[in-house]
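In case you want the letters, here they are:
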2 protein chains.
Amino acid sequence: MSTETSRFVRRIPDGEDRERLTCNDCGYIAYENPKIVVGSVVEVDGKVLLCRRAIQPRHGFWTIPAGYMELGETVEEGARREAQEEACVDLVLDGVLAVYSIARIGQVQILFRARLASPGFAPGPESLEVRLFDWDEIPWDSLAFPSVHWVLEAWREAGSGPLGAPRGNPAEDRRGITPLRSA
Amino acid sequence: MSTETSRFVRRIPDGEDRERLTCNDCGYIAYENPKIVVGSVVEVDGKVLLCRRAIQPRHGFWTIPAGYMELGETVEEGARREAQEEACVDLVLDGVLAVYSIARIGQVQILFRARLASPGFAPGPESLEVRLFDWDEIPWDSLAFPSVHWVLEAWREAGSGPLGAPRGNPAEDRRGITPLRSA
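Residues numbered from 1 in each chain as written. Chains lettered and ligands numbered in written order. Predicted model: local features only at pLDDT ≥ 70, side-chain atom pairs only at ≥ 80, totals over all residues. Heavy atoms only, no water.

- You'll find chain A entered in an unreviewed UniProt entry as NUDIX hydrolase, with Falsiroseomonas oleicola given as the organism.

Brief notes about the interface of chain B and chain A
Here is step 1: If you look at the interface, chain B gives 44 residues, while chain A gives 44 residues.
Here is step 2: When chain B packs against chain A, the two sides together hide about 3800 Å² of surface, and 61% of this comes from carbon and sulfur.
Here is step 3: When the buried surface of chain B facing chain A is broken down by residue, Pro34, Glu70 and Leu71 of chain B rank first, second and third, together holding 14% of it.
Here is step 4: Among the salt bridges present, the one from Glu77 of chain B reaches Arg175 of chain A, with a minimum N-O distance of 2.5 Å.
Here is step 5: Counting across the interface, chain B meets chain A through 12 residue pairs in polar contact (both at pLDDT 80 or more).
Here is step 6: At the level of elements, β2 (20-23), β4 (35-44), α1 (75-87), β8 (91-102) and β9 (107-116) of chain B are the ones that each hand at least two residues to the side of chain B that touches chain A.
Here is step 7: When its residues are assigned to classes, the side of chain B that touches chain A shows 21 nonpolar, 10 polar and 13 charged. (Contact = heavy atoms within 4.5 Å. Buried area = accessible area lost by both parts, 1.4 Å probe. Salt bridge = Lys/Arg side-chain N within 4 Å of Asp/Glu carboxyl O. Polar contact = N/O pair within 3.5 Å; in protein donor to acceptor, adjacent residues only side chain to side chain. Helix = DSSP H or I, 4+ residues; strand = E, 2+ residues; numbered from the N terminus. Nonpolar A, V, L, I, M, F, W, Y, C, P; charged D, E, K, R; others polar.)

Overview of the side chain of Ser127 of chain B
Here is step 1: By the secondary structure assignment, Ser127 of chain B is in strand β10 (residues 127-133).
Here is step 2: In contact with Ser127 of chain B, other than residues within four places in its own chain, are Cys51, Arg52, Ala54 and Glu86 of chain B.

Focus on the relation of the copies chain B and chain A
Here is step 1: With an RMSD of 0.1 Å, chain B superimposes on chain A once it is rotated by 180° and translated 0.0 Å along the axis. Here the two chains are linked by the operation of a two-fold rotation axis. (Least-squares fit on C-alpha atoms with pLDDT ≥ 70 in both.)

Notes on the UniProt feature "domain: Nudix hydrolase" (unreviewed entry) in chain A
Here is step 1: The feature "domain: Nudix hydrolase" (unreviewed entry), as annotated in UniProt, sits at residues 33-157 of chain A in this numbering.
Here is step 2: Secondary structure content for residues 33-157 of chain A is 20% helix and 41% strand, while the C-alpha to C-alpha distance between its ends is 32 Å. (UniProt positions renumbered as here; feature names shortened; annotations may be inferred.)

Some thoughts on the pattern of salt bridges
All names here are of chain A.
Here is step 1: Taken as a whole, this structure holds 22 salt bridges over all chains when the rule is applied.
Here is step 2: Ionic pairing is found between Arg81 and Glu73, a salt bridge with its closest N-O pair at 2.7 Å.
Here is step 3: Note on Arg81: relative accessible area 17%, which makes it buried.
Here is step 4: Relative accessible area serves as the criterion here: at 11%, Glu73 is assigned to the buried category.
Here is step 5: Across the pair Glu82 and Arg81 runs a salt bridge whose closest N-O atoms are separated by 3.0 Å.
Here is step 6: According to the relative accessible area criterion, Glu82 is buried, its value standing at 5%.
Here is step 7: One salt-bridge network, in which partners are shared between bridges, spans Glu73, Arg81, Glu82 and Glu85. (Buried < 20%, exposed > 50% of the residue type's maximum accessible area, 1.4 Å probe, protein only.)

See the structure below:
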């Protein structure tokens, strides 16, 4: 028995039209699909709740509570779980505010507008700090990802009225291919 | 070299909080995330376009043009690709009509309202037949999946006006856990 011979290779399996990541030993096909990030713009008394990341990538930068959806949950459950984990809050979700595609990294973001089910918040293990920001206080130069900019702008535009159809990527990056600035 | 020794097992990797599918030989973690289905309710002169499936599951049943999103594309590109593949049509997307979670099978469906960019349609290789249906002609008992029911009802409710916030799962199946009827 060798542990050196098990390797995933890219090849076109029978009956398919594109390369798939396949284990050379057992033939297992690890389908590589886009991954779903679920998250929320949380409004508290007209301010927006942001978390400062305690993890890579973008350690120390600010973001909305969001993360990878897990198997076995709904998008709503995932968004509420991430807010619980990162900001120790229990959310009420208003609806889907934006659906973004980050084609560069195979990611789809489903982002809700939300408010707190009960008062109070605190940093979870993946956050250094959780704070409420007035619109004019938002640390635009210290946001973790372009989509955090996008969704905050979308939230501002939507106001507090009924949500319309969800926003998609902004015109300047329709496919989500702009590389992340290293700053 | 043995081909019998490479096996994926479920175990909790270092630094994680839940079991992941891991190759016993090379340690590769095949993260199992929810998969995204993208699709469209396509309206043509007040009728809705449906495809009769030429593939399993649900061979012979009717569905909207929809399928798994691929890496490297946006949700909009995926929805348009699936309609091209299954019904040979070029779509203009109005916006997201519904976002459904099918927790039972780890699936999220992002479904658009759409119309044809140019006239004409035809079955692609995965369809036996493509047809337009008046609302009263829709073959409700021969639809492929519960979510096809859901989204057609959502489309009917939305009418032809501006789209509101996308619909989520209906009250009777909030988590998408009702098993598919075998009929």
